[in-house]
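Breakdown of the fold
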Amino acid sequence: MTLATLQDLYRAELDDLYDAEQQIVAALPKLSAAAASSDLKAAFDKHLERSRIHIERLDVIFKKLGATRSGVRSAAMETLIREGDTRIQLATDPDTRDAALIAAAQHVEHYEMAGYGCARTYARQLNDEHAADLLQQTLDEEGSADHELTHIAEMGINQAARQGQTLDSQESSRLRYVDADDFEGETFDPSDIHVRSRKGEDLGHIDGFLVDETGRPVYFVVDSGGWFLGRHYLLPVGTAKRESAGERALVVDIDKHTFKRYPEFHKQGFMAMSNDEARRYEWRVLEAIDPNAARQRPAAAIVYEEYEYYRAPAWLGAGTTTGTDRDRGRTSAARGTQPATDTRREEGERPRPRKPGSDVR
Ligand SMILES: [Fe+2]
């Protein structure tokens, strides 16, 4: 096969990714079986399911290209898996073996991320936006898997930290996840609330919230019910309208076409992100909703107060999250620690905005 054009290079990259994914699907059950940590096993099992979806997406792209796969073996992936396997075999201690498993998987993830990043760029340059979107979604998922592995590895470091070492936790995202069942609004019960577009499309139901350090909701986490690849996505709270007080549905001015540009949301992956990574992720959400607004500011300079999208509507009775932060194993800080929260709990009062211009993330 010669590589005369960018199209040839694109096809070669897709061929390599396709075989790499097949090798990963074959290897992941062995990695899962070798893992001692239940979190690590769960991460491998989840990634196995994801990898099957990645193959389906590649199938869609090949079909649209009208191309048959070359069947060429990805020698690079074969080597990465073999070298990882050698180290895993040599590790005699379960914790060390888990560390070796994480390292092997992260070498694989980074190879895939490089390949998907290149293929996504080629697709864009060849004006195939649909393929570029599919490849970007897979790239995001590979990135989330990588973050999750880092998070699992650092949990081990946390254990060491409890034995006397110091951890710098300043880098974690300032947003945290609150389950819909743990959300307590004055007038709004988020359970079983559906989301639909202005056109009447069913966009899923509210599954939870991302709240800031004061407990104020910034995003709805929506379970698409399956129409959205990756299933979950984020809606900035100001994008959803409630047309009547008794209605069990929210209406958004975002249609399914816009969601093609949208990044998937994975709770564990998001919570494993550093603050900078979370900001970049949020920037991508804003870019999907309002590309011009996003491109005027780098991710680090976006301030919630400057955009309607993040303004919590009065009906949300916002800022009153309760219960336990299940992801971090600590009690929500929202109640009892923020005087401003209590003063805005009077019915109908808008959540108190923070200081204009303050860097809220
Ligand atoms: Fe993959």
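Everything numeric here is computed off the predicted structure, so don't read it as measured data.

What follows covers the overall build of the chain. When helices and strands are tallied, the chain shows 11 helices and nine strands. Restricting the contact set of the chain to residue pairs at least 6 apart, pairs at least 24 apart contribute 64%.

Here helix 3 (residues 75-90) contains 16 residues, and its C-alpha end-to-end distance of 23 Å stays within 8% of the 22 Å for a straight helix at 1.5 Å per residue. For helix 3, the complete set of buried residues consists of Met77, Leu80, Ile81, Gly84 and Ile88. Down the axis of helix 3, the buried side of the element spans an arc of 95°, and every buried residue falls inside it. Turned more than 90 degrees away from the buried face of helix 3, the exposed residues are Ala75, Thr79, Arg82, Thr86, Gln89 and Leu90. Elements that come into contact with the buried residues of helix 3 comprise helix 1 (6-34) and helix 4 (94-125).

Where helix 1 meets helix 2 (residues 38-65), the axes come as close as 9 Å, and the angle between the chain directions of the two elements is 160°. One way to sum up the angle between helix 1 and helix 2 is to call them roughly antiparallel. The interaxial crossing formed by helix 1 with helix 2 has left-handed handedness. Where helix 1 approaches helix 2, its residues Leu14, Leu17, Tyr18, Glu21, Ile24, Val25, Leu28, Pro29, Leu31 and Ser32 are matched on the opposing element by Lys41, Phe44, Asp45, His47, Leu48, Ser51, Arg52, His54, Ile55, Leu58, Ile61 and Phe62.

Given 3.6 residues per turn, any residue in an α-helix points the same way as the ones three and four places further on. The terminal C-alpha atoms of helix 2, which comprises 28 residues, lie 41 Å apart, in line with the 40 Å expected from a rise of 1.5 Å per residue. All of the buried residues along helix 2 are Leu40, Ala43, Phe44, His47, Arg50, Ser51, His54, Arg57, Leu58 and Ile61.

All right, on to the packing of helix 3 against helix 4 then. How two helices sit against one another is set out by the angle between their axes and by the gap between those axes. In the contact formed by helix 3 and helix 4, the axes pass within 9 Å of each other and the chain directions differ by 170°. If you check the angle between helix 3 and helix 4, you find them roughly antiparallel. Between helix 3 and helix 4, the contacting residues are Ala76, Met77, Leu80, Ile81, Gly84, Arg87 and Ile88 on the first element and Arg97, Ala100, Leu101, Ala104, His107, Val108 and Tyr111 on the second. For the contact of helix 3 with helix 4, the residue count by class is 10 nonpolar, two polar and two charged.

With four of its five residues buried, strand 5 (residues 232-236) lies for the most part within the structure. Pairing geometry for strand 4 (residues 217-223) and strand 5, over five bridges, is antiparallel. Among the inter-strand pairings, Val221 is bridged to a residue of strand 5, identified as Leu234.

Attention now moves to the pairing of strand 4. In terms of burial, strand 4 is largely enclosed, as six of its seven residues are buried. When strand 3 (residues 202-211) meets strand 4, the two strands line up antiparallel, connected through six bridges. Residue pairing across strands places His205 opposite Asp223, the latter belonging to strand 4. Linking strand 3 to strand 4, which pair antiparallel, is a turn of five residues; within it Gly215 sits at a positive phi near 90°.

Looking now at unusual backbone geometry. Notably, Asn127 is not glycine yet its phi reads approximately 60°, a positive angle. Within the fold, Asn127 resides in the loop between helix 4 and helix 5 (129-162).

With that settled, the discussion passes to the confidence of the model for the chain. Model confidence for the chain is summarised by a mean pLDDT of 80, while 82% of its residues fall at 70 or above. Contacts for the low-pLDDT stretch residues 320-361, under 50 throughout, to residues beyond four places or in other chains number 76 contacts.

Turning next to the environment of Ala301. Positionally, Ala301 belongs in the loop between helix 9 (291-295) and strand 8 (324-325). What makes Ala301 exposed here is the crowd of 11 C-beta atoms within 10 Å. Taking the C-alpha atoms as reference points, Ala301 and Arg279, 22 residues apart in sequence, are found 9.2 Å from one another.

As a further point, take the environment of Tyr219. Structurally, Tyr219 is set in strand 4. Taking the C-beta count within 10 Å as the criterion, Tyr219 has 23 such neighbours and is therefore assigned buried. Separated by 63 residues in sequence, Tyr219 and Glu282 place their C-alpha atoms 9.9 Å apart. Tyr219 has contacts with Phe209, Leu210, Leu234, Leu235, Pro236 and Val237, leaving out every residue within four places of it along the chain.

Considering the arrangement of structural elements, one finds Val237 in the loop between strand 5 and strand 6 (240-241). Val237 sits in the buried class, given 24 other C-beta atoms within 10 Å. Along the backbone, Val237 and Val218 are 19 residues apart, and their C-alpha atoms lie at a distance of 5.6 Å. Beyond its immediate chain neighbours, meaning those up to four positions away, Val237 contacts Pro217, Val218, Tyr219, Phe220, Tyr310, Ala312, Pro313 and Leu316.

Conventions and cut-offs
- Residues numbered from 1 in each chain as written.
- Predicted model: local features only at pLDDT ≥ 70, side-chain atom pairs only at ≥ 80, totals over all residues.
- Helix = DSSP H or I, 4+ residues; strand = E, 2+ residues; numbered from the N terminus.
- Contact = placed C-beta atoms within 7 Å.
- Expected span 1.5 Å × (residues − 1).
- Buried ≥ 20, exposed ≤ 12 C-beta atoms within 10 Å, placed from the backbone.
- Arc of directions from axis to C-beta.
- Axes fitted to C-alpha atoms, helices over the stretch in contact; angles between N-to-C directions.
- Parallel < 35°, antiparallel > 145°, perpendicular 65-115°, else oblique.
- Left-handed = near helix turned anticlockwise from the far one by under 90°.
- Nonpolar A, V, L, I, M, F, W, Y, C, P; charged D, E, K, R; others polar.
- Pairing = 2+ DSSP bridges.
- pLDDT = per-residue confidence, 0-100.

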